[in-house]
Amino acid sequence: MAEVTTHPAHDDLRTRWLATVRRAHAVAADPGPYADELLERWAEPHRRYHTTAHLLAVLDRIDEIESAAPHAADPQAVRLAAWFHDAYYRPDRDTNEERSARLAEMALTQLDLPDGLVAEVARLVRLTITHDPAEGDRDGEVLCDADLAVLAGTPGEYAAYAAAVREEYAFVPDDLFRTGRSGVLRQLLALPRLFRTPHGAAAWEARARHNLQTELDLLASATDD
C-alpha cells in the first residue's frame, strides 16, 4: 500500500473510522489499513470539493442529526456508508457510486462484518446517485441529508462549495458547465423536499433553497452576459 498523504483531520478521521468499525463488531482483520486506504482516496490531488473535509462534514452532520433526535435505523451503517460514498471519485465518470459500493462490499466483507450490514452500506452508497430515499428509509434519509447539508451553508460557505465544484470540472468549458450545473440545480429545486429528517427539514431546507436559487440566478445572468 502506498504511503498515506498527510492532510487535515487525518488522525481524527482515522480514530472515528476505528470506533465505527469496532462498534459494528468487526473481528477478522485490523481495520487500520482500510482507514489509510480510504483516506488516501479522499485526499487524491484532483479533488477540490469531494475531499477529506467533505467526509468530515458528512460525518459531523450525521452526528448532528442523531444528536437532535435519533432517526437512523442503523447509525453505524450510515456512518460506514459516508466513508465509502465518494471513495471512488472522478468527475468525468458516471460509475463512481457503483464502484464505491463495490469497494464497500469487498472491504467490509474482508473485515467480517455481518452480511446484512454490508448490504445496507452498499445500498446506501448507491442511493447517493439520486439522493431520493423512499418514504420510511430512515438510514437513507440521514445519509442523504448529511451529504446535502453543504447546500445550507452561509453565503460564503456556499460560494466556496460552488467554486470547488467548478474546479473539479475545470476540464468542462464554461458554457457547457453552466448548462449542466443549472440542470442539477433545477432538479434539486424541483424536489418536494431536499431534506427528509426532522432536523434537516427544520435547520437546512429554507437556507439551502435560497442558496440554490441564488446560484441558479447567477448562472443565468452569466449566460445573459
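Structure shown above.
Since the structure is predicted, the reported quantities are computational estimates derived from the model, not experimental observations. (Residues numbered from 1 in each chain as written. Predicted model: local features only at pLDDT ≥ 70, side-chain atom pairs only at ≥ 80, totals over all residues. Heavy atoms only, no water.)

(A) The arrangement of the environment of alanine 206 in detail. The topology assignment puts alanine 206 in helix 10 (residues 198-224). Look at alanine 206 and you get exposed, because its relative accessible area is 63%. (Helix = DSSP H or I, 4+ residues; strand = E, 2+ residues; numbered from the N terminus. Buried < 20%, exposed > 50% of the residue type's maximum accessible area, 1.4 Å probe, protein only.)

(B) Highlighting helix 2 (residues 32-42). Among the 11 residues that make up helix 2, 8 are buried, leaving the element largely enclosed by the rest of the structure. Those residues of helix 2 lying buried are Gly32, Tyr34, Ala35, Asp36, Leu38, Leu39, Arg41 and Trp42.

(C) A look at the side chain of serine 182. Tracing the backbone shows serine 182 in helix 9 (residues 174-190). Residue class for serine 182 comes out buried when judged on its relative accessible area of 8%. Not counting the four nearest positions on each side in its chain, serine 182 is found in contact with Phe177, Leu216 and Leu219. (Contact = heavy atoms within 4.5 Å.)

(D) Quick look at the packing of helix 1 (residues 10-23) against helix 3 (residues 52-68). Running from N to C, helix 1 and helix 3 point in directions that differ by 50 degrees, and their axes come no closer than 11 Å. Classified by the interaxial angle, the pair formed by helix 1 and helix 3 is oblique. Like other packed secondary-structure pairs, helix 1 and helix 3 cross with a definite hand, here left-handed. Between helix 1 and helix 3, the residues in contact are Asp12, Leu13 and Arg16 and Thr52, Leu55, Leu56, Leu59, Asp60 and Asp63, respectively. Tallied by class, residues from the contact of helix 1 with helix 3 come to 4 nonpolar, 1 polar and 4 charged. (Axes fitted to C-alpha atoms, helices over the stretch in contact; angles between N-to-C directions. Parallel < 35°, antiparallel > 145°, perpendicular 65-115°, else oblique. Left-handed = near helix turned anticlockwise from the far one by under 90°. Nonpolar A, V, L, I, M, F, W, Y, C, P; charged D, E, K, R; others polar.)

(E) Region of the structure containing the pattern of salt bridges. Applying the stated criterion across every chain yields a total of 20 salt bridges. Aspartate 63 is the partner of arginine 79 in a salt bridge, and the nearest nitrogen-oxygen pair spans 3.0 Å. Of this pair, arginine 79 sits in helix 4 (residues 75-84) while aspartate 63 sits in helix 3, and the two are 16 residues apart along the sequence. Judged by its relative accessible area of 13%, arginine 79 falls in the buried class. The salt bridge partner of arginine 126 is glutamate 105, with a shortest N-O separation of 3.3 Å. Highlighted residues: arginine 126 in helix 6 (residues 115-127) and glutamate 105 in helix 5 (residues 96-110), separated in sequence by 21 residues. Overall, the relative accessible area of 29% leaves glutamate 105 in the partly exposed class. (Salt bridge = Lys/Arg side-chain N within 4 Å of Asp/Glu carboxyl O.)

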